[in-house]
Each structure stands twice: as C-alpha cells, then as structure tokens.
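Single-letter residue listing:
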Amino acid sequence: MKRIVWVGLLALATGMWALGQVPTVQDLDWACVKPVYIIAGDLNGDGWDDILVACHSCNGLQFGANPGTAVCPAECTKWPGPKTWTLADAPTALAWGLFGKSVGPYEKRVVVVTQYTPAWATFRVTDADIRLTSLDAVTLSHLIVGDFDGDGGLDGAVLDPLGLKILFPTGGILPISLAGLIPCCGQPAFLGAADFDRDGDLDIVVAAATSLLFFENQCRAKFVHRVTVPAGMALRSLTIADFDGDAKPDIAVTDPAFSAVAIVQNQGCWNFAVTSRLKLDGLPVFIVAFDANRDGRVDLAVAEFEENWVSILVNLGGGKFKVDRSIPVGKNPIGLAVGDFDRNGISDLAVALYGGGPTGTGPAVQVIYNPLCTNDDCTGKPPCCVAGKLPPRHGIQ
C-alpha cells in the first residue's frame, strides 16, 4: 500500500511556508520481526534492484524480487510477497557482491552473519536453503566485502565486537586484533573499506566507541593499525565517499550519543580531521551516501531512530552539508539501502523499521521513492510526487 507523507523543509527566514515536491513512501507488507539490516541491488541479475532484509527476532531473511515494469517511468514498484529463509540463529548484518577468483566465473552472492551462535554463510537468492558455518568468535555484529588480498576475488571481513577482532571467513587472511585500541567499556560497531592512501590496496576503518580506527593494508591483506581519529561520543555506523571532490575517500559517521553526524575529511597521508558536525535530534543510527539530487555531488541519508524519519543531508560543495528535509517513515528506522527500484534514473531508499512488522507498529520495510523528487529521465517531471505546502522540520540548524 502506498501512502503520501509530508516532509519537513527548513523554514524561510521570513517564516513563510515553502512550496515543494513530496516523495512517496510505500509500505511493504512483509512479516519481518525486528528487522535490523537491509541491502538493495540487482541480486538476481534481471536488471532491476531488489531488497533483502535481516529479520533478527524470527531468525530469518526476506528477499523481495523486483518484478519490474514495461512502463517508463514506473510510478512505484508493485512488490510481491517476499521469499523467506529461516536460519538457525538471529542475523545481524548483510552484504553482497560478485564472488569468484581471478578471471572468474563470477556469481552474485549474499553474505550473512549471525549473533548468538556466531556463524556466516554465502548464498544466492535462488538457493532453497542457507547453510551457516560457525566462526571462532564471541558474537558477530557487522560485515563488509572487498578484495583485500588482491587476488581478484571478494573476501568477507566480519566484526566480533566482544572478542575485539575482525575475522576473514573466506580464508587466507589473518584476523585483525582490536585489543588495546578501544577505550574502556566501548565496543566496535561498524566496518568500512576504502583505499584511503591510494596505493591500490583496500584498507579498513572501524567505528569504535569514540574513535575511528584505521588499518593500512600493506599489500595482500597484511593489516597494521595506522591511526586513531577521535570523532564523537559513541559512533555507530559510517559511510565512505569523496564528499569534497579531491578524489580521496572521506567518511560520514553517525553518533547517536551526541545526536550528530560527523564529517571526517581525508587530508592525505593518513591525516584525517572532523571538519563539521550536523546536529540531528532524532537519534541518528544509520547512514548511506548517494547523489540524491543528481548534481554530481554525494549527499547523505540518515535514519533517525527515535523521531521516525529519514533525513536527507545535501552536499553544498567542498564537503559541506545541510539538512534539506526529513521524511516521516514507520517506527524506529534502523537501516537504509540505496537502489533505483522504479528504474527512472533517480536513486530511491529502502528502510528497515525495527519497531514495525507483526510484533510492532506499522510496516517492517518501506521504500522512499525519489527522496528529493528530481526530474525523471523519461518524462522530465518529478515522478511519484505531489505538490504540497511544507512545514519546517523541527531542530534544523
């Protein structure tokens, strides 16, 4: 079922109301209990972006195959009921990519990790069953994929926040110890990967308590701790992109304890600096990078858990951001994923709602079509939108 929702914009200095375009937020009727993570992409290879969500409290995964449409543009995708897998334990995170070695063959596979009995699995969305493989860990909270050893194939990196280490379950890479690098009582929460020093090897960053921990890949997955960058009070999730246009990967990280998003600029040669903080009052817990308005600059979307909205932070240039609007969504947004679900050339967002689903309030998953309602490639008009009179978003500074 679709529903049109009003979004907030920054009030004009004169106090006048602003007119604008309002994106469509679509509820997906999926029976996912306590969704905690969501990914999107063309997971089945048919040319349309799909959705996969981790349902923590029913030990399951749900996959929505995008049925596509012959209409250009598609107003909104009519999502079918999801394919469901039941796991032996509660899933906590997902990732996907093209797996294979050297010259291939390659195939699209998803990676999942579980929490209480630490395990992982790779699978295709066409598989009937998912077989978990145990890992030597205390618990598992996050994972990323990347070619860390330079052999042409993707590896998995898995975070054990209580065991204070990063494991590489695909084999051949030694674990990274985080012991002694994290302040007392803090826990690592999130992983990211990029070539921060531009030497051709994929490095790793960890959001851990008050700081970002950077590990340099010194060739073929030999990792050493290079620098610790204080960035907040209790960092949770991060996203990596070139925000200032200097061809070096920067970081945006959520800090729910400080009610803010910190922008961390890569100044080269392993020098990083927090250049700005954007105050968000709704407990920011998850962040993704994408070009929301198709101006060539990378913008941000932030899930604000307590206020039940997704805020769009527009890149003004030079890595400076402002909150453009906050889009009301269902209860307790906890995860975001980017995809062009209606294939109109404008990025959409999929939202995992921890407080929704069968045991919650409202939907477990929603899709936000065209968050800034930029013009469609086929019609030249903003799709999935209606004109409206927009109230200011409380708390924008």
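Everything below is about the structure shown above.
Throughout what follows, the structure given in this document is the object of discussion. As the structure is a prediction and not an experimental result, all values here were calculated from the model.

How each quantity is defined
- Residues numbered from 1 in each chain as written.
- Predicted model: local features only at pLDDT ≥ 70, side-chain atom pairs only at ≥ 80, totals over all residues.
- Heavy atoms only, no water.
- Pairing = 2+ DSSP bridges.
- Helix = DSSP H or I, 4+ residues; strand = E, 2+ residues; numbered from the N terminus.
- Phe/Tyr/Trp six-rings, centres within 6.5 Å; stacked < 30°, edge-to-face > 60°.
- Buried < 20%, exposed > 50% of the residue type's maximum accessible area, 1.4 Å probe, protein only.
- Lys NZ or Arg CZ within 6 Å of the ring centre and 35° of its normal.
- Axes fitted to C-alpha atoms, helices over the stretch in contact; angles between N-to-C directions.

As a further point, take the sheet that holds strand β14 (residues 165–167). Spatially, β12-β13-β14-β15 is the arrangement adopted by the 4 strands of the open sheet, whose pairing is antiparallel. Single-partner strands in this sheet number two, and they are β12 (142–146) and β15 (176–177). As paired strands, β14 and β15 are joined by 2 bridges and run antiparallel to one another. Note on β15: the bridge partner recorded for lysine 165 is serine 177.

Any aromatic ring pair is given by two values, namely how distant the centres are and how the planes are angled relative to each other. Per the counting criterion, the structure on display carries 15 aromatic pairs. Geometrically, the ring pair formed by phenylalanine 243 and phenylalanine 321 is edge-to-face, given 5.4 Å between the ring centres and 85 degrees between the ring planes. One end of the pair, phenylalanine 243, is in the loop between β20 (238–241) and β21 (250–255); the other, phenylalanine 321, is in strand β27 (residues 320–328), and 78 residues separate them in sequence. Exposure class is identical for phenylalanine 243 and phenylalanine 321. Each is buried. An aromatic cluster is defined as three or more aromatic residues linked by ring pairs; in this entry it consists of Phe196, Phe214, Trp270 and Phe272. When the ring centre of tryptophan 48 is taken as reference, the NZ or CZ atom of arginine 343 above it lies at 4.0 Å.

To continue, consider the sheet that holds β20. An order of β20-β21-β22-β23 is seen for the 4 strands of this open sheet, with the pairing classed as antiparallel. Each edge of the open sheet carries a strand with a single partner, namely β20 and β23 (271–279). Here the average twist between neighbouring strands, direction ignored, is 20 degrees. Relative to β21, β20 runs antiparallel, the two being bridged by 4 bridges. For isoleucine 240, the partnering residue across the bridge sits in β21 and is isoleucine 251.

Backbone geometry places tryptophan 270, a non-glycine residue, at a positive phi of 65 degrees. If you trace the backbone, tryptophan 270 turns up in the loop between β22 (260–268) and β23. On the basis of relative accessibility, which here comes to 9%, the residue tryptophan 270 falls in the buried class. In this model, cysteine 373 sits at a positive phi of 55 degrees, which is unusual for a non-glycine residue. The topology assignment puts cysteine 373 in the loop between β30 (365–369) and β31 (385–390). Classification of cysteine 373 as buried rests on a relative accessible area of 5%.

Extensive coverage of strand β9 (residues 107–114) is indicated by the burial of 6 of its 8 residues. For strand β8 (residues 91–99) and β9, the ladder comprises 8 bridges, and the chain directions are antiparallel. Bridge pairing in β9 links alanine 95 to valine 111. Examined bridge by bridge, β9 and strand β10 (residues 119–123) share 5 bridges and lie antiparallel to one another. Counted as the bridge partner of valine 112 is alanine 121 from β10. Between the end of β9 and the start of β10, which pair antiparallel, lie 4 residues.

Nothing here speaks to function; it is all geometry.
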